[in-house]
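Examination of the molecular architecture
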Amino acid sequence: MALTEKLTRVSSMNFKSIIEHPETIEEAVNRLLTILTDAELQEIKSMSKDELVLLHFSFGKDIRNAFGLNGDNAVLLGKRCADDVSGDIIEALWEKLSN
C-alpha cells in the first residue's frame, strides 16, 4: 500500500495530523513512524545509508505526494527542492530507527 493511501486511514491517529502537512523533518518522521508497519520500518532500518537512495522513486515519491512537497508545503520545503527534502526525511527516519 502506498504512503498516500496509508495517510487516508484514520485508525488511531489524530485526524488533524492526517490532513495538515508536517512543518518539520521531525514531524514528518514521527508521522511515518505512526503510519508505517513494523515490517516496513524494519526494512528501512536494515538498509545501509548508501542504499537509502534506492527509495527515491518509490517511498520518496510517496513522501513528496503525501506531505505536499510538490508545491503546497512551503513551510517544510523552505528554499529547497522536494527531492532533497524527501531524502532528508528518509535519512532522518533511518537514523531514528538505527539509534
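To keep things clear, this report deals only with the structure shown in the data block. What you are looking at is a predicted structure, and each value in this text was computed from that prediction instead of being measured.

A word on the overall build of the protein. Of the regular secondary structure elements, the protein holds seven helices and zero strands. The helix and strand sequence of the protein, counted from the amino end, reads α-α-α-α-α-α-α. Looking at the protein as a whole, 37% of its 99 residues are labelled buried. Contacts spanning at least 24 positions in sequence make up 66% of the contacts within the protein whose residues lie at least 6 apart. Surface summary for the protein: the accessible area is close to 5,900 Å², and the carbon and sulfur share equals 52%.

Structurally, Phe59 is set in helix H5 (residues 59-66). Owing to a relative accessible area of 11%, Phe59 belongs among the buried residues under this scheme. Remark: the alpha-carbon pair of Phe59 and Ile90, spanning 31 residues in sequence, is separated by 8.4 Å.

This part takes up the packing of H5 against helix H7 (residues 82-98). Taken N-terminus to C-terminus, the directions of H5 and H7 make an angle of 110°; their axes are 9 Å apart at the nearest point. Compared by their axis directions, H5 and H7 come out roughly perpendicular. Judged by the sense of rotation from one axis to the other, the crossing of H5 with H7 is right-handed. Contacts between H5 and H7 involve Phe59, Gly60, Ile63 and Arg64 from the first element and Ala82, Asp83, Ser86, Ile89, Ile90 and Leu93 from the second. Per-class residue counts for the contact of H5 with H7 are six nonpolar, two polar and two charged.

Where helix H4 (residues 38-45) contacts H7, the two axes come as close as 9 Å, and the packing angle between them is 95°. Regarding the angle of H4 to H7, the classification is roughly perpendicular. Where H4 approaches H7, its residues Leu41, Ile44 and Lys45 are matched on the opposing element by Leu93, Trp94, Leu97 and Ser98. Class assignment of the residues belonging to the contact of H4 with H7 gives a composition of five nonpolar, one polar and one charged.

What counts, and at which threshold
- Residues numbered from 1 in each chain as written.
- Predicted model: local features only at pLDDT ≥ 70, side-chain atom pairs only at ≥ 80, totals over all residues.
- Heavy atoms only, no water.
- Helix = DSSP H or I, 4+ residues; strand = E, 2+ residues; numbered from the N terminus.
- Buried < 20%, exposed > 50% of the residue type's maximum accessible area, 1.4 Å probe, protein only.
- Contact = heavy atoms within 4.5 Å.
- Areas by Shrake-Rupley, 256 points an atom, 1.4 Å probe, with all protein chains shown as cover.
- Axes fitted to C-alpha atoms, helices over the stretch in contact; angles between N-to-C directions.
- Parallel < 35°, antiparallel > 145°, perpendicular 65-115°, else oblique.
- Left-handed = near helix turned anticlockwise from the far one by under 90°.
- Nonpolar A, V, L, I, M, F, W, Y, C, P; charged D, E, K, R; others polar.

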